Amino acid sequence: MSGPMVLTTHAGLEIKARRRLQTPGAFDKLLEELANAIAQKETQGQTPPVISDLDISQNKLSFEQFEAVFTQLGAHNVHVQRLRLFGCATLNDGVIGIIGDYFRLLTKENAPTEMHLSDCAITTDGFLTF
């Protein structure tokens, strides 16, 4: 699938990157698109910016790549409504710690209402720490 991975809809931004981060440079392109879209929403006065659907599922991202995504979201206080991370074999206890750190920055009003974490490498210990 080609075309942009970050789309603007009536419900907010949508990140459509399922299985699209496999090729060299694809992840960097996603981060650039996301940064530009967030900046545009902030310029338009939408704070916090809303991501109605963040789908980066079925990708093998590194720890550093997961960290970059959640650092960017946290830096802009982004409200992610739906978080799709299923089928990420590299999403392990270390990565769930990063996600937990991001969640600790959120309020009840801007916490996700839906998360998909099946088929990842999270252990019981990691989940309980989360």
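Keep in mind the model is a prediction, meaning the values are calculated, not measured.

## Some points on the overall build of the protein
Right, so step 1: When helices and strands are tallied, the protein shows 4 helices and 6 strands.
Right, so step 2: When the helices and strands of the protein are read in sequence order from the N terminus, they spell out β-β-α-β-α-β-β-α-β-α.
Right, so step 3: In terms of C-alpha radius of gyration, the protein reaches 14 Å, essentially the compact-globule figure of 14 Å for 130 residues.
Right, so step 4: In terms of its C-alpha atoms, the protein occupies a principal-axis envelope of roughly 40 × 35 × 20 Å.

## A word on helix α1 (residues 26-43)
Right, so step 1: A rise of 1.5 Å per residue sets the reference length of α1, with its 18 residues, at 26 Å; its end C-alpha atoms lie 26 Å apart and thus fit the reference within 8%.
Right, so step 2: All of the buried residues in α1 are Ala26, Phe27, Leu30, Leu31, Glu33, Leu34, Ala37, Ile38 and Lys41. Looking straight down α1, one finds its buried side chains confined to an arc of 165°; they lie on one side. For α1, the exposed residues set more than 90 degrees away from the buried face come down to Asp28, Glu32 and Thr43.
Right, so step 3: In the core, the buried residues of α1 are packed alongside β1 (6-9), β2 (12-16), β3 (50-55) and α2 (63-75).
Right, so step 4: Phi turns positive one or two residues past the end of α1, at Gly45, with a value near 90°.

## Describing α2
Right, so step 1: Over its 13 residues, α2 extends 18 Å from the first C-alpha to the last, a length consistent with the 18 Å expected when each residue adds 1.5 Å.
Right, so step 2: All of the buried residues along α2 are Phe66, Val69, Phe70, Gln72 and Leu73. One face of α2 carries all of its buried residues, which in axial projection span an arc of 155°. Opposite the buried face of α2, by more than 90 degrees, sit the exposed residues Glu64 and Ala75.
Right, so step 3: In this fold, the buried residues of α2 make contact with α1, β3, β4 (79-80), β5 (82-84) and α3 (93-104).
Right, so step 4: Once α2 ends, the next one or two residues include Asn77, with phi positive near 55°.

What counts as what
- Residues numbered from 1 in each chain as written.
- Predicted model: local features only at pLDDT ≥ 70, side-chain atom pairs only at ≥ 80, totals over all residues.
- Heavy atoms only, no water.
- Helix = DSSP H or I, 4+ residues; strand = E, 2+ residues; numbered from the N terminus.
- Rg over C-alpha atoms; globule rule 2.2 N^0.38 Å.
- Expected span 1.5 Å × (residues − 1).
- Buried < 20%, exposed > 50% of the residue type's maximum accessible area, 1.4 Å probe, protein only.
- Arc of directions from axis to C-beta.
- Contact = heavy atoms within 4.5 Å.

Everything listed here is a matter of coordinates, which is why it stays silent on function.
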